[in-house]
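Here are the chains, one letter per residue:
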Amino acid sequence: MTRIRAMTRNDIADVSRLLGQSWRRTYAPIMGGEAVARLSDEKHAPERLAEELEDEDKMSFVAERADGSIAGYAMAAMDGKGDVMLERLHIEPQAFGSGLAVDLLHAVLAAHAGIPSIALEVVEGNDRAIAFYRKHGFEVVERRPAAHGVGDHASLIMRRMLPMA
Ligand SMILES: CC(C)(COP(=O)(O)OP(=O)(O)OC[C@H]1O[C@@H](n2cnc3c(N)ncnc32)[C@H](O)[C@@H]1OP(=O)(O)O)[C@@H](O)C(=O)NCCC(=O)NCCS
């Protein structure tokens, strides 16, 4: 049994590790191991994750197994205009195809009830993620020659419209 809950400070080390492993696995084949390791170590350092937890505009969730280990993580951020970006969604490979990723997505959506849409940026070539997002109602709305978050590689902006209450 795996449950989704808000991330706390106690999860920082586990989430930092999960992100480091997931980035290396996912992005090294696309943009090279060295660049990925450097970026991930910088962006996912425990101090950075601790700062994000304090940020009222960011919401972080974890998927916790019955034994207390962390199988997945999602973080969404709201900008000054109220637009919400799903900034991160990572699950362990053992959980691929299990429905855990959609449970995390739903937790993010439930926490932002009433927003008209949610967007995300995905690196071009991350075909599994792109297929996952398409399956869950996201459409490509823009292509950027260089991603903000992942170095100089091209990325896609995908957006899912949400039914208004
Ligand atoms: C992205 C992620 C959260 C999706 O969760 P998941 O459980 O793997 O997703 P699902 O299995 O439900 O859906 C993936 C779909 O892509 C398909 N797929 C797998 N590899 C593929 C590929 N190389 N090309 C195209 N489609 C692919 C799968 O068959 C599946 O579709 P199906 O359900 O119709 O068979 C998860 O794979 C993950 O954590 N990946 C690593 C981190 C990551 O890339 N995060 C996104 C950052 S923006």
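Scope of this entry: the structure provided in the associated data block. (Residues numbered from 1 in each chain as written. Predicted model: local features only at pLDDT ≥ 70, side-chain atom pairs only at ≥ 80, totals over all residues. Heavy atoms only, no water.)

So, about helix H4 (residues 100-111). Here H4 is twelve residues long and its end C-alpha atoms lie 17 Å apart, about the 16 Å a rise of 1.5 Å per residue gives. Along H4, the residues classified as buried are Leu-100, Ala-101, Val-102, Leu-104, Leu-105, Ala-107, Val-108 and Leu-109. (Helix = DSSP H or I, 4+ residues; strand = E, 2+ residues; numbered from the N terminus. Expected span 1.5 Å × (residues − 1). Buried < 20%, exposed > 50% of the residue type's maximum accessible area, 1.4 Å probe, protein only.)

Further remarks concern the site of the ligand. By nearness alone, 18 residues border the ligand, and Leu-89, Gly-97, Asn-126, Arg-128 and Lys-135 come closest of all. Here Ile-91 contributes a backbone N or O atom positioned 2.8 Å from an oxygen atom of the ligand. Side-chain polar atom of Arg-128 to an oxygen atom of the ligand: 2.7 Å apart, as the coordinates give it. Counting residues per element, the ones that place at least two in the shell around the ligand are helix H1 (12-31), strand S4 (84-91) and helix H5 (127-135). Ranked by residue count, the leading element in the shell around the ligand is H5, at seven residues. The residue inventory of the shell around the ligand, partitioned by class, reads nine nonpolar, five polar and four charged. (Near = heavy atom within 4 Å. Polar contact = N/O pair within 3.5 Å; in protein donor to acceptor, adjacent residues only side chain to side chain. Nonpolar A, V, L, I, M, F, W, Y, C, P; charged D, E, K, R; others polar.)

The next thing to look at is the packing of aromatic side chains. Across all of its chains, the model carries three aromatic pairs by this definition. Seen in terms of ring centroids, Trp-23 and Tyr-27 are 4.9 Å apart; in terms of plane orientation they differ by 80°. Their pairing is edge-to-face. You can see Trp-23 and its partner Tyr-27 sitting in helix H1, four residues apart, about one turn around the helix. The buried category is assigned to Trp-23, whose relative accessible area is 5%. Between the aromatic rings of Tyr-133 and Phe-138, the centroid separation amounts to 5.4 Å while the plane-to-plane angle is 65°, which identifies the pairing as edge-to-face. Exposure remark for Tyr-133: the relative accessible area of 7% places this residue in the buried category. Each member of the aromatic cluster is reached from another via a ring pair, and the members are Phe-132, Tyr-133 and Phe-138. (Phe/Tyr/Trp six-rings, centres within 6.5 Å; stacked < 30°, edge-to-face > 60°.)

Relative to the assigned elements, Ser-40 resides in helix H2 (residues 33-43). Accessibility expressed as a relative area gives 2% for Ser-40, which makes it buried. Setting aside its immediate chain neighbours within four residues, Ser-40 contacts Leu-19, Gly-20, Trp-23, Arg-24 and Ala-45. (Contact = heavy atoms within 4.5 Å.)

The next thing to look at is H2. Note that an α-helix has 3.6 residues per turn; residues three or four places apart therefore point the same way. Buried within H2 we find Val-36, Ala-37, Leu-39 and Ser-40. Tucked inside the fold, the buried residues of H2 contact H1.

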